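These are the residues of each chain, in order.
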Amino acid sequence: MRRLIFLEQTARILFHAVLVGSLFLLFAGHNEPGGGFACGLVAGAAISLRYLSGGIADVRRISRLAPWTILGSGVALAAATALAPMLAGRPVMTALGASLHHPLLGDVRVATTLAFDVGVYLVVLGLVFMVFEAFADDSATAADLAGIHDDAGDGDDTGESDDTGDGIRDVERGVRP
């Protein structure tokens, strides 16, 4: 497995910028294009970029939670906010809201639609993580997908083997180059 340093560094910078962009879509999605599904797909693209730069290990380091926990909490949040208006005697999925005054932001309207969109966002993120867990190769990176291989097959580009004499290479020991 050969790592592309340029892609790794670019992915580290772009990953956070794309996540901030997805959060912007989440909060702007009530009055403009966006919302839970669209911003979840944008965040999924950021996760895909991390997979291409560092493999499934980098994807697993993004979240401490298991993918099904993220997905399940999203379903629970979306279902709770969809059913909450029934407690007030209104139809399912009716938007409830309140206006709050914040000293720095001014008047802010808080609605259940934002909580529903956050739930959908978490569902999409959970599904993206689950897809990578199910189908990702533990050692694949962008260099591997592009067909760039080293000659010795030991994970570095020196052309020399990492065999220490005991017949076990560093890659087999789990040491990442």
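In this text the structure is predicted, and so the values were computed from the model without any measurement.

Visitor: Could you give me a rundown of the nonpolar core, with the residues and numbers involved?
Guide: Formed by 17 residues in total, the largest nonpolar core has its most connected members in Ile 47, Tyr 51, Ile 56, Val 59, Tyr 121, Leu 125 and Phe 132. Of all the secondary structure elements, the ones that give two or more residues to this core are helix H1 (5-28), helix H2 (36-54), helix H3 (56-62) and helix H5 (112-135). For this core, the leading source of residues is H5, giving six residues.

Visitor: Lay out the side chain of Ser 22 with the relevant residues and their values.
Guide: Looking at the secondary structure, you find Ser 22 in helix H1. If sequence neighbours within four positions are ignored, Ser 22 has contacts with Cys 39, Val 42, Ala 43 and Tyr 121.

Visitor: Go over the packing of aromatic side chains with me, naming the residues and quoting the values.
Guide: Across all of its chains, the model carries one aromatic pair by this definition. Plain terms: the ring middles of Tyr 51 and Phe 132 are 5.1 Å apart, the flat faces sit at 40° to each other, and that makes the pair tilted. Within this pair, whereas Tyr 51 is found in helix H2, its partner Phe 132 is found in helix H5, the two being separated by 81 residues in sequence. Like Tyr 51, the residue Phe 132 is buried in the burial classification. The cationic tip of Arg 50 hangs over the ring face of Phe 15; the distance from NZ or CZ to the ring centre is 4.7 Å.

Visitor: Can you explain H5? Please cite residues and give values.
Guide: The first and last C-alpha atoms of H5 sit 35 Å apart over 24 residues, in line with the 34 Å expected at 1.5 Å per residue. The complete set of buried residues in H5 reads Thr 112, Asp 117, Gly 119, Tyr 121, Val 123, Val 124, Leu 125, Gly 126, Val 128, Phe 129 and Phe 132. Of the surrounding elements, those touching the buried residues of H5 are H1, H2, H3, helix H4 (67-83) and strand S2 (106-111).

Visitor: Any chance you could break down H2 for me, citing the residues and the numbers?
Guide: The α-helix winds at 3.6 residues per turn, so residues separated by three or four positions along the chain end up facing the same way. The terminal C-alpha atoms of H2 lie 27 Å apart, and with 19 residues this matches the ideal 27 Å at 1.5 Å per residue to within 8%. Here H2 has its buried residues at Gly 36, Cys 39, Gly 40, Ala 43, Gly 44, Ala 46, Ile 47, Arg 50, Tyr 51, Ser 53 and Gly 54. Tucked into the core, H2 has its buried residues touching H1, H3 and H5. At the C-terminal side of H2, Gly 55 shows a positive phi close to 85°.

Here is what the cut-offs are and how they apply
Residues numbered from 1 in each chain as written. Predicted model: local features only at pLDDT ≥ 70, side-chain atom pairs only at ≥ 80, totals over all residues. Heavy atoms only, no water. Core = buried A, V, L, I, M, F, W, Y, C linked by side-chain atoms within 4.5 Å. Buried < 20%, exposed > 50% of the residue type's maximum accessible area, 1.4 Å probe, protein only. Helix = DSSP H or I, 4+ residues; strand = E, 2+ residues; numbered from the N terminus. Contact = heavy atoms within 4.5 Å. Phe/Tyr/Trp six-rings, centres within 6.5 Å; stacked < 30°, edge-to-face > 60°. Lys NZ or Arg CZ within 6 Å of the ring centre and 35° of its normal. Expected span 1.5 Å × (residues − 1).

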